[in-house]
Amino acid sequence: MRAAVKAQTLPPLNRAWLGFYGLASLPLLLLAMLFATLLLLSPAKAETITCAGKNLLAEMQAKDPKKYADVLAEAAKIPNGKGTFWKVEKSGLQTSYLLGTMHLTDPRVLDMPKGASAAFASARIVVVESDEILNEKKAAAGLLAKPELTMFTDGTTISSLLGKQDAARLAEGLKAHGIALTLVDRMKPWMIASFVSLPACEMQRKATGVSFLDKKIAEDAVAGGKQLVGLETMQQQLQAMNDLPVKFHLKALIDTLDLGKRMDDITATMLDLYASGDIGMIVPMLSATTADTGGSASDYAAFEQRIVTDRNHVMAARSASSFARGGVFMAVGALHLPGKEGVIALLRDEGYTVTPVP
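Worth saying up front: this structure is predicted, and the values here are computed from it rather than measured.

Draft legend 1. Structural detail: the packing of aromatic side chains. Applying the stated criterion across every chain, the model contains four aromatic pairs. With centroids separated by 6.4 Å and ring planes inclined at 40°, the aromatic side chains of Phe85 and Phe329 adopt a geometry described as tilted. One end of the pair, Phe85, is in strand S1 (residues 85-89); the other, Phe329, is in strand S5 (residues 328-333), with 244 residues separating them in the sequence. For the pair Phe85 and Phe329, a shared accessibility class is recorded, and that class is buried. Here the aromatic cluster, defined as three or more aromatic residues joined through ring pairs, consists of Phe85, Tyr97, Phe120 and Phe329. The lysine or arginine in question, Lys90, covers the ring of Tyr352, its NZ or CZ lying 4.1 Å from the ring centre. Over the face of the ring belonging to Phe152 we find Lys188, whose NZ or CZ atom lies 5.6 Å from the ring centre.

Below, the structure written as structure tokens:
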């Protein structure tokens, strides 16, 4: 069982989906810290950058109806794949709520679903992936104790792990983002892949201090005197990424860079799906739009198990004491919600009635 689609049902994958998958499920604190670090190497331009990108599913529907129908069919197999905002109820407890997020500052994300603001206002307890997001400097200082989570500490470099051709592709791709390979050569490749998957407009908004949704929710909770509960530490989040093979992450980084401007299209499509509540279509869409002989279903299975499914169980277990008190507003990456082992299903296993808020 998996948190989304069973990997064996998918066509071969281009590992570039890893970066886009992160916008809805990768550790939010990781993305915030990574952005703050690489912004120094690739500063945002002064002029306003307009968000670009077209909806690839709309294009697919017009040009390849069968492929589009296949995406719809895969999405239909995913339990709890429709809706980003859910009511969590149990007899004798104040109603709680569960919100799926994207770790972005896009206005469509920051504008929470109908009823979410009122639910947040009534909540006594706010649960997020990591409360360390409110003090990034302190969290970064904590990483000094385990530098191997973010950097190669044994003399290894990204360049030394690649052949000449792939190293050249990587250098050229990073150059297009204003980053010199020599400056990030000792950084773990998945950190760079997460950064280069972000659209320029998102980078600019974050550079001006706009908080992405998860961080804004945490900030508002503290400002409103609510109890704030974090489910993971930064070290735990980074360890999940480090548990996957370096070769896998290297290929994912190069594949992401190879997509070029197509990244904006995929991000735009993800945002449209999120805004419509069709989170169950995100993974099938990524599979259909980044399909390539360079990947495999086993890559996706390993990534999904460690980054999504394992963490779903952690989130459900560590939020249990909060939900048992009632009056909770919990916000986690949207792709942690659906599936047979998604957070929604796990809450139901604990006796809660979980229903989408219309």
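There's plenty left to go through after this.
Draft legend 2. Structural view of the pattern of salt bridges. Summed over the entire model, instances satisfying the criterion amount to 17 salt bridges. Residue Arg205 is joined to Asp106 by a salt bridge in which the shortest nitrogen-to-oxygen separation is 3.9 Å. Of this pair, Arg205 sits in helix H11 (residues 200-207) while Asp106 sits in the loop between strand S2 (96-101) and helix H5 (107-110), and the two are 99 residues apart along the sequence. We note a salt bridge from Arg169 to Asp258, for which the minimum N-O separation is 2.0 Å. Taken together, the residues span a long stretch of sequence, with Arg169 in helix H8 (residues 164-176) and Asp258 in helix H14 (residues 246-259) at a distance of 89 residues. On the accessibility criterion, Arg169 (30% relative accessible area) is partly exposed.

Draft legend 3. Main features of the sheet that holds strand S6 (residues 353-356). Reading across from one edge, S4-S3-S5-S2-S1-S6 is the order of the six strands in this open sheet, with mixed pairing throughout. Edge positions in the sheet fall to strand S4 (227-230) and S6, since each of these pairs with one other strand and no more. Between one strand axis and the next, the sheet turns by 20° as a mean value, whatever way the strands run. Alignment of S1 against S2, held across four bridges, turns out to be antiparallel. Bridge assignment links Trp86 to a residue of S2, and that residue is Leu98.

Draft legend 4. Fine view of the packing of helix H10 (residues 189-196) against H14. Relative orientation of the contacting elements H10 and H14 amounts to 25°, with a least axis distance of 8 Å. As judged from the angle between their axes, H10 and H14 are roughly parallel. Here H10 runs over H14; the crossing is left-handed. Contacts between H10 and H14 involve Pro189, Trp190, Ile192, Ala193 and Val196 on the former and, on the latter, Val246, His249, Leu250, Leu253, Thr256 and Leu257. Classifying every residue of the contact of H10 with H14 by side-chain character gives nine nonpolar, two polar and no charged.

Reading the values: the criteria
- Residues numbered from 1 in each chain as written.
- Predicted model: local features only at pLDDT ≥ 70, side-chain atom pairs only at ≥ 80, totals over all residues.
- Heavy atoms only, no water.
- Phe/Tyr/Trp six-rings, centres within 6.5 Å; stacked < 30°, edge-to-face > 60°.
- Helix = DSSP H or I, 4+ residues; strand = E, 2+ residues; numbered from the N terminus.
- Buried < 20%, exposed > 50% of the residue type's maximum accessible area, 1.4 Å probe, protein only.
- Lys NZ or Arg CZ within 6 Å of the ring centre and 35° of its normal.
- Salt bridge = Lys/Arg side-chain N within 4 Å of Asp/Glu carboxyl O.
- Pairing = 2+ DSSP bridges.
- Axes fitted to C-alpha atoms, helices over the stretch in contact; angles between N-to-C directions.
- Parallel < 35°, antiparallel > 145°, perpendicular 65-115°, else oblique.
- Left-handed = near helix turned anticlockwise from the far one by under 90°.
- Contact = heavy atoms within 4.5 Å.
- Nonpolar A, V, L, I, M, F, W, Y, C, P; charged D, E, K, R; others polar.

Interpretation in functional terms is not warranted from these geometric data alone.
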